[in-house]
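Architecture and fold: a report
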Amino acid sequence: MGKESNHFDKEGYFGEFGGRYAPEILHDALVELETTYKKLKKNKQFKKELEYYRKNYIGRPSPLTFAERLTKAWGGAKIWLKREDLNHTGAHKINNTIGQVLIAKSMGKTRIIAETGAGQHGVATATVGAMFRMETVVYMGDEDLRRQELNAIRMRMMGAKVVGVSSGTATLKDATSEAMRDWALNVSNTHYIVGSSIGPHPFPTIVRDFQSVIGTESRKQFKKENGRLPNAVVACVGGGSNAVGMFYGFLKDKKVKLYGVEAGGYSSEPGTHSATIQFGRTGFLHGTKTLVIQDEFGQIVPAHSVSAGLDYPGVGPEHAHFHKSGRVTYANVGDEDALDAFLEVCRVEGIIPALETAHAFRFAKDLAKSMGKKENLLICLSGRGDKDVAEVARLRKGEFS
Ligand SMILES: *Cc1c(COP(=O)(O)O)cnc(C)c1O
């Protein structure tokens, strides 16, 4: 995206990161979105409607589960899981799409579009498209269509059009670029439901606000059950929406340690990982100023991860800020370690987690072992792994046939 329209108020910034670096043609739409959202945020009817769908459609509040068997197996801190995998459609993405479709409706839009990596955001968008009778188009990289065919079929069954993207690495970054292009062409009747805490202002703020229900609920549930707060909280980071939503519940609790886990891929060489916080430098991607994996000429370097949802060469600007300020510690976990953790959680706890979430589990395992038995570690179980079983079986040849 260009830097033509750099007119924003300071609200769109997280420290030095964020902002609105979008092409001229999107400027009015972004301002309209910002103005509408600011009004709706305080509107009683909007809040009531959002609450209604959270409770009666998504199934919130999602449970907080004590993972008794993982706690025993790892032999350290007590492990708690925030069960976003139990939301309707199987991940945290629906928290955001329900909110954004209500904004779209209020702006009089009749068409919604989205990008998707693993397909979870595409499914969550197709779902609200069906609910609110909106024409729905989802952009998905060809490589991700291969890895996540089931989700593409789910979207089509709910009436969405799925458009394959073959440019670049045919993954999430390329799908996002295509969705931005579509939006620029059709902005009069179309709302772009950005799926993570990325993009030009006000998207990172809107997505974070809708996802912060994860952290708000978790804090309340944990306190009610234990009479105190967890010692540490872990979440996986692609663009960073489930993590920022979870962290928001605990940001002001300075004693609660926060950890974000990115995808380490299969090496530290450029092009083989998605560890933006570790290897990225300040740059611009999809309309925001943030950390970006880039070469010495500022060209975006393709990302890689075994999990399509973490396969993104940027990170939400608020995470770049959390990293810089030191409030959140970031780490990364590689493909093979994530696969091991995926299977361990399946066998030990009877839960098939998303491959994205498996990265958080692998990191949490080492962290738990370094903590005392009376301490508590909370993991954001961002989604279920039904979408990943075919790909995991393929990667672990023969083990499941
Ligand atoms: C999309 C997705 C992610 C990564 O996206 P964030 O915006 O970083 O949360 C993680 N887990 C699951 C289950 C997902 O579907």
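Rules used throughout
Residues numbered from 1 in each chain as written. Predicted model: local features only at pLDDT ≥ 70, side-chain atom pairs only at ≥ 80, totals over all residues. Heavy atoms only, no water. Helix = DSSP H or I, 4+ residues; strand = E, 2+ residues; numbered from the N terminus. Rg over C-alpha atoms; globule rule 2.2 N^0.38 Å. Buried < 20%, exposed > 50% of the residue type's maximum accessible area, 1.4 Å probe, protein only. Contact = heavy atoms within 4.5 Å. Areas by Shrake-Rupley, 256 points an atom, 1.4 Å probe, with all protein chains shown as cover. Right-handed = clockwise from strand over helix to strand, strands pointing away. Pairing = 2+ DSSP bridges. Axes fitted to C-alpha atoms, helices over the stretch in contact; angles between N-to-C directions. UniProt positions renumbered as here; feature names shortened; annotations may be inferred. Phe/Tyr/Trp six-rings, centres within 6.5 Å; stacked < 30°, edge-to-face > 60°. Expected span 1.5 Å × (residues − 1). Near = heavy atom within 4 Å. Polar contact = N/O pair within 3.5 Å; in protein donor to acceptor, adjacent residues only side chain to side chain. Nonpolar A, V, L, I, M, F, W, Y, C, P; charged D, E, K, R; others polar. Core = buried A, V, L, I, M, F, W, Y, C linked by side-chain atoms within 4.5 Å.

1. Overview of the overall build of the chain
Of the regular secondary structure elements, the chain holds 16 helices and 14 strands. For the chain, whose C-alpha radius of gyration is 19 Å, the value lies close to the compact-globule estimate of 21 Å for 401 residues. Viewed in the frame of its principal axes, the chain has a C-alpha envelope of about 55 × 45 × 40 Å. Per-residue burial for the chain yields a buried fraction of 62% across its 401 residues. Sequence-distant contacts, at least 24 apart, represent 73% of the contacts inside the chain between residues at least 6 apart. Taken as a whole, the chain presents about 15,900 Å² of accessible surface, with 51% of it coming from carbon and sulfur.

2. A look at the pairing of strand E10 (residues 257–265)
Each regular strand carries side chains that alternate between the two faces of the sheet. With 8 of 9 residues buried, E10 is to be regarded as a mostly interior element. For the crossover that starts at strand E9 (residues 232–236), traverses helix H11 (residues 241–248) and ends in the parallel E10, the hand is right-handed. As defined by bridge partners, E10 adjoins strand E13 (residues 328–334) across 7 bridges and the pair is classed as parallel. Within E13, the residue paired with Gly 265 across the bridge is Gly 334.

3. Some details on the sheet that holds E9
Read across the open sheet, the 6 strands follow the order E3-E4-E14-E9-E10-E13; overall the sheet is mixed. Taken across any chain shown, the strands that pair with only one partner, and hence form the sheet edges, are strand E3 (64–66) and E13. Across the sheet, the axes of successive neighbouring strands diverge by a mean angle of 25°, strand direction being ignored. Bridging between E9 and strand E14 (residues 376–381) involves 3 bridges; their strand directions are parallel. Within the sheet, the bridge partner assigned to Val 234 lies in E14 and is Ile 379. Where helix H14 (residues 335–349) meets the sheet, its contacts fall on E10 and E13, and the angle it forms with E13 comes to roughly 90°.

4. Let's talk about the UniProt feature "modified residue: N6-(pyridoxal phosphate)lysine" (unreviewed entry) in the chain
With numbering aligned to this structure, UniProt lists the feature "modified residue: N6-(pyridoxal phosphate)lysine" (unreviewed entry) at Lys 93. Position of Lys 93 among the secondary structure elements: in helix H4 (residues 93–106). Once residues within four sequence positions are removed from consideration, Lys 93 is found in contact with Gln 120, His 121, Ala 124, Gly 195 and Gln 211.

5. Focus on the packing of aromatic side chains
Summed over all chains, the structure comprises 10 aromatic pairs. When the centroid spacing of 5.2 Å and the interplanar angle of 70° are considered together, the rings of Trp 80 and Phe 222 count as edge-to-face. Pair noted here: Trp 80 is in strand E4 (residues 78–83) and Phe 222 is in helix H10 (residues 213–226), with a separation of 142 residues, a long-range link. With a centroid separation of 6.0 Å and an interplanar angle of 65°, the aromatic rings of Trp 183 and Tyr 192 are classed as edge-to-face. Residue Trp 183 is classed as buried on the basis of its relative accessible area of 2%. Counting every residue linked through ring pairs, the aromatic cluster contains Tyr 52, Tyr 53 and Phe 132.

6. Brief notes about the sheet that holds strand E8 (residues 190–192)
Within the open sheet, the 4 strands sit side by side as E7-E6-E5-E8. Their pairing is parallel. A single partner strand is all that each edge strand has here, and the edge strands are strand E7 (161–165) and E8. Averaged over all neighbouring strand pairs, the angle between strand axes comes to 20°, with direction disregarded. Bridge count for strand E6 (residues 135–141) against E7 is 5 bridges, and the pairing is parallel.

7. Regarding the UniProt feature "domain: Tryptophan synthase beta chain-like PALP" (unreviewed entry) in the chain
According to UniProt, the "domain: Tryptophan synthase beta chain-like PALP" (unreviewed entry) feature falls on residues 59–383. The distance from the first to the last C-alpha atom of residues 59–383 is 14 Å, and the span holds 42% helix and 21% strand.

8. Thoughts on helix H5 (residues 120–131)
The first and last C-alpha atoms of H5 sit 17 Å apart over 12 residues, in line with the 16 Å expected at 1.5 Å per residue. Most of H5 sits inside the fold, with 10 of its 12 residues counted as buried. Residues of H5 that are buried: Gln 120, His 121, Gly 122, Val 123, Ala 124, Thr 125, Ala 126, Thr 127, Val 128 and Gly 129. Packing partners of the buried residues in H5 comprise helix H2 (44–58), H4, strand E5 (111–116), E6 and helix H7 (149–157). Downstream of H5 by one or two residues, Arg 133 has phi in the positive range, about 50°.

9. What to know about the site of the ligand
In the vicinity of the ligand, 17 residues are found, and the nearest of them are Lys 93, Ser 196, Gly 238, Gly 240 and Ser 241. Within the contact set of the ligand, an oxygen atom lies 2.7 Å away from a backbone nitrogen or oxygen of Gly 238. Protein contact buries 96% of the 380 Å² of open area that the ligand shows by itself. The residue inventory of the shell around the ligand, partitioned by class, reads 4 nonpolar, 11 polar and 2 charged.

10. Examining the nonpolar core
Generally speaking, a soluble globular protein has its nonpolar side chains buried in company with each other. If you look at the biggest cluster of nonpolar residues, it comprises 44 residues, and the most contacted ones within it are Ile 98, Ile 103, Val 128 and Trp 183. Among all residues touching Ile 98, those that are not within four sequence positions of it are Leu 50, Tyr 53, Tyr 57, Ile 58, Val 128 and Met 131. Membership of the second largest hydrophobic core comes to 35 residues, among which are Cys 236, Tyr 259, Ile 351 and Met 371.

11. Re H14
Helix length check: H14 (15 residues) gives 21 Å between terminal C-alpha atoms against 21 Å at 1.5 Å per residue, within 8%. Among all positions in H14, only Asp 335, Ala 338, Leu 339, Ala 341, Phe 342, Leu 343, Glu 344, Val 345 and Glu 349 are buried. Structurally, H14 contributes buried residues whose contacts are with helix H3 (68–74), E10, E13, helix H15 (355–369) and helix H16 (389–395). At the C-terminal side of H14, Gly 350 shows a positive phi close to 70°.

12. Remarks on the side chain of Thr 116
The residue Thr 116 is located in strand E5 in this model. Only 3.2 Å separates the side chain of Thr 116 from the backbone nitrogen of Gly 119, close enough to count as a polar contact.

13. Side note on the pairing of E9
Among the 5 residues in E9, 5 count as buried, and that is most of the element. Burial along E9 is two-sided: Ala 232, Val 234 and Cys 236 and Val 233 and Ala 235, pointing in opposite directions, are all buried.

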